[in-house]
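Coordinates in review
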Amino acid sequence: MKDTENRPILSLIYAASENDVIGKDNDIPWRLSADLKRFKQLTTGHPIIMGRKTFESLGRPLPKRRNIVISRNAAFHAEGIELYGSLEAALAACKGEAQAFIIGGAGLFAESIDKDLIDTIYFTRVHAEIDGDVSFPLPESDAWQITDVASNQADEKNEFAYTYVTLKKG
Ligand SMILES: NC(=O)c1ccc[n+]([C@@H]2O[C@H](COP(=O)([O-])OP(=O)(O)OC[C@H]3O[C@@H](n4cnc5c(N)ncnc54)[C@H](OP(=O)(O)O)[C@@H]3O)[C@@H](O)[C@H]2O)c1
């Protein structure tokens, strides 16, 4: 159902540990200040699309971006968000935007990849084995080409070493 008319370039952006964990107890189980800054730099000015739990883990809408939340509960309400009942409805609301980002969680990552909606994945590999309750592996298909890799060391603001990996649909 790839409707490319007026469709934004759609990217995933997420971080995962060596064992593919992305979350624990509805939070992110590491502290990487540089990764948060990169997230802000890439997504500011563009819609961010997220599941209801990811929104609740953020606790507030992120500034200078449309915060689009997906839930099956039409009564869900929070200041500063747009609520939609499906990924399709959220994407329809982004028509005319140049770029949009799916920022989590695991179900929306899987759904958007399976439906062939994603152009780019901005991935951060956190070099640690982390205990968690939500995980999402990178797609293994040859359809994805690594276009950029940048390795970084741990320091006082970044708990673990981490590598930025950009993947594009070939
Ligand atoms: N490491 C990272 O980069 C990263 C990024 C994002 C999130 N996280 C972590 O991941 C965890 C949250 O992710 P999660 O996968 O558990 O939950 P999530 O995807 O954020 O939220 C799941 C909820 O979103 C709604 N939803 C999802 N897909 C839907 C669809 N197709 N149609 C309608 N509603 C839909 C449903 O809400 P209702 O139940 O209200 O119907 C569902 O229960 C947290 O620990 C968070 O910190 C990590």
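Structure shown above.
Residues numbered from 1 in each chain as written. Predicted model: local features only at pLDDT ≥ 70, side-chain atom pairs only at ≥ 80, totals over all residues.

**A closer look at the nonpolar core**
Here is the rule we go by: Only buried residues count toward a nonpolar core: Ala, Val, Leu, Ile, Met, Phe, Trp, Tyr and Cys, linked into one set through C-beta atoms within 7 Å. Burial is judged by counting the other C-beta atoms within 10 Å of a residue's own C-beta: 20 or more makes it buried, 12 or fewer makes it exposed, and any count in between marks it as partly exposed, with every C-beta position built from the backbone. A run of H or I in DSSP becomes a helix once it reaches four residues, and a run of E becomes a strand once it reaches two; helices and strands are each numbered from the N terminus. Placing C-beta atoms from the backbone, we regard two residues as in contact once those atoms come within 7 Å.
Grouped together as the largest cluster of nonpolar side chains are 34 residues, with contacts concentrated most on Y14 and I49. Element by element, the count of residues in this core is highest for strand β1 (residues 9–17), at five residues. In contact with I49, not counting residues within four places along its chain, are I68, I70, A90, A100, F101, I102 and I103.

**Points about the site of the ligand**
Spelled out, the test is: Should the C-beta atom of a residue, placed from the backbone, lie within 6 Å of a molecule or strand, that residue is near it. Under the grouping applied here, Gly and all other residues not named as nonpolar or charged are polar, the nonpolar ones being Ala, Val, Leu, Ile, Met, Phe, Trp, Tyr, Cys and Pro and the charged ones Asp, Glu, Lys and Arg.
Taken together, 29 residues form the shell around the ligand, and within it G23, G51, T54, G104 and G105 come nearest. Residue assignment for the shell around the ligand shows that the elements contributing at least two residues are β1, β2 (21–23), β3 (48–51), α2 (52–58), β6 (99–104) and α4 (106–114). For the shell around the ligand, the residue count by class is twelve nonpolar, twelve polar and five charged.

**With respect to unusual backbone geometry**
Note: most residues except glycine have negative phi, and most peptide bonds are trans. Omega for the peptide link from G104 to G105 comes to 0 degrees, which places this bond in the cis form. Secondary-structure assignment places G105 in the loop between β6 and α4. One non-glycine residue, D25, adopts positive backbone phi at about 50 degrees. Note on placement: D25 falls in the loop between β2 and α1 (33–43). Accessibility expressed as a C-beta count within 10 Å gives 9 for D25, which makes it exposed. A positive phi is found at D116, a non-glycine position, where the angle reads about 60 degrees.

**Here's the deal with the environment of S112**
Along the chain, S112 falls in helix α4. Along the primary structure S112 and L83 are separated by 29 residues, whereas in three dimensions their C-alpha atoms are 18 Å apart. Setting aside chain neighbours within four positions, we find S112 in contact with L12, L87, I102, L117 and I118.

Everything listed is a geometric property; what it means functionally is a separate question.
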